[in-house]
Amino acid sequence: MKLCTRTTDTIDADELRTLLIDAANELTGGESRLLEARLPWDGYPILLADAQYHPVLVSFDPINSQAALLNGLRATEQVATALPWLNQVYDALQKQLRPPRLMVVSYDPPPGAEALLAGCPDLKLFGYKVVRIRQEAGLLLEPVAAGGETGRDRPAEREAPVVTTAKEERPRTGPVALPSLSEEEKNYFRQL
Amino acid sequence: MACQLSPAWQRKAVSPGRMEKIRDRFLSDAPETEADTETCQVIPFLLDNQALDWVTSNLCEVLTERGHDSTLYPLPDTVEPRDRLANTLREQAGNAELCLLPTTSAEAVLAHAFDHLVLLVPANLDAVLAAYQRIKLLAEQAHTPEIGIVLVGPRDQHAAWRFFRKLAVGTLRYLDVPLLNLGFLPEQVVPEHAPHDHHRNNFLTRISERLLRSEFYSTLPHEVDQANV
């Protein structure tokens, strides 16, 4: 069997949106829920709830990283202001009124990424590459380190990139971590 | 002489919501109405691993042979609304009385919030512990299903009972979740040992009888009318 793989430099914003929604679990670091696929604000960011029911904003632009960042910051302020309303509308937030985390995805890191990451613990920046295998597109997300570099420039052991594909029509149920066991439970199941 | 139970058999203190759970269960046992006939009966199976899918397919055949027209529909591990699943099943199942839903994904089971769930558990300590962890995950949800256990591959009835007892006592003691023993399939009837063992149907028949006698199935509603959403 011959496998045909190639990388693609450019991507349509809507296709990137679809791929990011598919990669939501990897972006948020656990099981996540999609609240809004297209918020009606500048850049039309994505709103998710992470495994701890905290809101997560994903702002992106296929090329213009600065626009993605600024749109994301503006949307974060709007979400923070509208938190009581959001918690009424979205049960997935469990009425916790937690401030949103911001994920900015673009081809290159925005200018001043180093200072931003150092000063904003709730901000994460990702670079991306689109990989096409036959007819299917996949997304290679590379977290930007505090030094402003993407994962491809850093040693492999620091953080592994995440890959997703646009194969599924419906979101899959994300893997749920099995609950841990107490010492008493472990001892109980040690022997029959 | 004072009689004292081993700590393993002692039930943990009654949880605050327990009486409410019991009350809700009995209050929901209303007599069958006309609307109940417009529903789909399903039996979800949570498999320890994919190699156990022979159990559900054989059980499906046995149920059909015994006059309960049954069909098999592997539960998709996609986020699918409960009412949409019911309609998909109705299309797939046609006039079948029961639909068996095997899956290895605890997440899929969680997503559909079934009333009943059958766990297929291989007869070894690792699998029993894995089953316990899955039950613990289910018990952490707002709605814990009724859980039945089928042990697969024990040496004999005595071994099956020991594995079931280990799991059932553990879930009762630490999670306050009672388990129903639905039976076992001894290693001599497992396909790896005996590809065409005619005793296998005897064991599967016993399991099917217990499932039906205890009404161990979930009811999925029809898709709600869009106008009512």
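Nothing here was measured: the structure is a model prediction, and the numbers come from that model. (Residues numbered from 1 in each chain as written. Chains lettered and ligands numbered in written order. Predicted model: local features only at pLDDT ≥ 70, side-chain atom pairs only at ≥ 80, totals over all residues. Heavy atoms only, no water.)

Novice: Whenever I open this one, the overall build of chain B confuses me. Can you help?
Specialist: Helix and strand content of chain B: 7 helices and 7 strands. Going residue by residue from the N terminus, the α and β elements of chain B occur as α-β-α-β-α-β-α-β-α-β-α-β-α-β. Looking at chain B as a whole, 45% of its 229 residues are labelled buried. (Helix = DSSP H or I, 4+ residues; strand = E, 2+ residues; numbered from the N terminus. Buried < 20%, exposed > 50% of the residue type's maximum accessible area, 1.4 Å probe, protein only.)

Novice: So what exactly am I meant to see when it comes to the overall build of chain A here?
Specialist: Of the regular secondary structure elements, chain A holds 6 helices and 8 strands. Element order for chain A, N to C, with α for helix and β for strand: β-α-α-β-β-β-α-α-β-α-β-β-β-α. Counting all 192 residues of chain A, 41% fall into the buried class. If you take every contact in chain A between residues at least 6 apart in sequence, the share linking residues at least 24 apart comes to 53%. (Contact = heavy atoms within 4.5 Å.)

Novice: Before we go on, may I ask you to explain the packing of helix α5 (residues 125–139) of chain B against helix α6 (residues 157–175) of chain B in this structure?
Specialist: Packed helix pairs are characterised by how far apart their axes lie and by the angle those axes make with each other. Residue and element names in this part refer to chain B. The geometry of α5 relative to α6 is characterised by a closest axis approach of 10 Å and an angle of 30° between their N-to-C directions. One element, α5, and the other, α6, form an angle in the roughly parallel class. For the element pair α5 and α6, the recorded crossing hand is right-handed. Between α5 and α6, the residues in contact are L125, V128, A131, Y132, I135, K136 and A139 and F163, L167, G170, T171, Y174 and L175, respectively. (Axes fitted to C-alpha atoms, helices over the stretch in contact; angles between N-to-C directions. Parallel < 35°, antiparallel > 145°, perpendicular 65-115°, else oblique. Left-handed = near helix turned anticlockwise from the far one by under 90°.)

Novice: Please clarify how the side chain of B:T205 should be interpreted in this entry.
Specialist: Residue and element names in this part refer to chain B. Tracing the backbone shows T205 in helix α7 (residues 199–213). For T205, a relative accessible area of 18% gives the class buried. A distance of 2.5 Å separates the side chain of T205 from the backbone oxygen of N201, its partner in a polar contact. Setting aside its immediate chain neighbours within four residues, T205 contacts V62 and R66. (Polar contact = N/O pair within 3.5 Å; in protein donor to acceptor, adjacent residues only side chain to side chain.)

Novice: Got a minute to help me understand the confidence of the model for chain B in this structure?
Specialist: Any region with low pLDDT has predicted coordinates that should not be read closely. Residues and elements named next belong to chain B. With 74% of its residues at a pLDDT of 70 or more, chain B shows a mean pLDDT of 79. Taken together, the stretch residues 1–14 has pLDDT below 50 and engages in 15 contacts with residues farther than four places along the chain or on a different chain. Of the regions scoring below 50 in pLDDT, residues 222–229 engages in 8 contacts with residues more than four places distant in sequence or in other chains. (pLDDT = per-residue confidence, 0-100.)

Novice: Teacher, can you tell me more about the packing of helix α2 (residues 53–65) of chain B against α7(B) here?
Specialist: Residue and element names in this part refer to chain B. With their axes 9 Å apart at the nearest point, α2 and α7 run at an angle of 75° to one another. In terms of their interaxial angle, α2 and α7 are classed as roughly perpendicular. Here α2 contributes W54, V55, N58, L59, V62, L63 and E65 to the contact with α7, which in turn contributes R200, N201, L204, T205, I207, S208, L211 and L212.

Novice: In this structure, what is going on with the side chain of A:H54? I would like to understand it.
Specialist: Residue and element names in this part refer to chain A. You can see H54 is positioned in the loop between β3 (46–49) and β4 (55–61). Take H54: its relative accessible area is 16%, and that puts it in the buried class. Not counting residues within four places of it along the chain, the set of residues in contact with H54 comprises L48, A49, L93, Q96 and R98.

Novice: Just to check I follow, could you spell out the packing of aromatic side chains for this structure?
Specialist: By convention here, two paired aromatic rings are described through the distance between centres and the angle between planes. Enumeration according to the criterion identifies 6 aromatic pairs over all chains in this entry. Ring centres 4.8 Å apart and planes at 85° place the aromatic pair A:Y188 and A:F189 in the edge-to-face group. Residues A:Y188 and A:F189 agree in their burial class; the two are buried. Here a set of aromatic residues connected by ring pairs shows up, and it is made of A:Y188, A:F189, B:Y132 and B:Y174. Across from the ring centre of A:Y44, 4.1 Å away, lies the NZ or CZ of A:R38, which sits over that ring. In this structure, B:K166 is placed above the aromatic ring of A:Y188, and the distance from its NZ or CZ to the ring centre is 3.9 Å. (Phe/Tyr/Trp six-rings, centres within 6.5 Å; stacked < 30°, edge-to-face > 60°. Lys NZ or Arg CZ within 6 Å of the ring centre and 35° of its normal.)

Novice: Before we go on, may I ask you to explain α5(B) in this structure?
Specialist: Given 3.6 residues per turn, any residue in an α-helix points the same way as the ones three and four places further on. Residue and element names in this part refer to chain B. With 15 residues, α5 extends 21 Å from end C-alpha to end C-alpha; this agrees with the ideal 21 Å at 1.5 Å per step. Taken together, the buried positions of α5 are occupied by A127, V128, A131, Y132, Q133, R134, I135, K136, L137 and L138. A distance of 3.2 Å separates the backbone nitrogen of D126 from a side-chain oxygen at the start of α5, and that oxygen is part of N124. (Expected span 1.5 Å × (residues − 1).)

Novice: Where do I start with the pattern of salt bridges in this structure?
Specialist: For side chains of opposite charge, pairing can occur when their charged atoms come near one another. Residues and elements named next belong to chain A. Applying the stated rule across the entire model yields 8 salt bridges over all chains. The salt bridge involving D14 is made with R17; its shortest N-O contact spans 3.9 Å. Note that D14 and R17 are positioned in helix α1 (residues 13–22) at a spacing of 3 residues, about one turn of the helix. D14 sits in the partly exposed class, given a relative accessible area of 42%. Close ionic contact of D50 with R101 constitutes a salt bridge, the shortest N to O distance being 2.9 Å. Of this pair, D50 sits in the loop between β3 and β4 while R101 sits in strand β5 (residues 101–106); the two residues are 51 residues apart in sequence, bridging distant segments of the chain. The exposure class assigned to D50 is buried, which follows from its relative accessible area of 4%. Residue classification places R101 among the buried residues on the basis of a relative accessible area of 19%. Ionic contacts of the salt-bridge type, sharing partners, join the residues D14, R17 and R38 into one network. (Salt bridge = Lys/Arg side-chain N within 4 Å of Asp/Glu carboxyl O.)

Novice: Would you explain the pairing of strand β5 (residues 146–152) of chain B in this entry?
Specialist: Consecutive side chains along a regular strand alternate between the two faces of the sheet. Residues and elements named next belong to chain B. With 6 of its 7 residues buried, β5 lies for the most part within the structure. Sheet topology note: the strand β4 (residues 116–122)/β5 ladder contains 7 bridges and is parallel. By the bridge assignment, V121 is partnered in β5 with L151. You can see the chain leave β4, run along α5 and come back into β5, and the turn it takes is right-handed. Looking at chain direction, β5 and strand β6 (residues 179–185) are connected through 6 bridges and run parallel. (Pairing = 2+ DSSP bridges. Right-handed = clockwise from strand over helix to strand, strands pointing away.)

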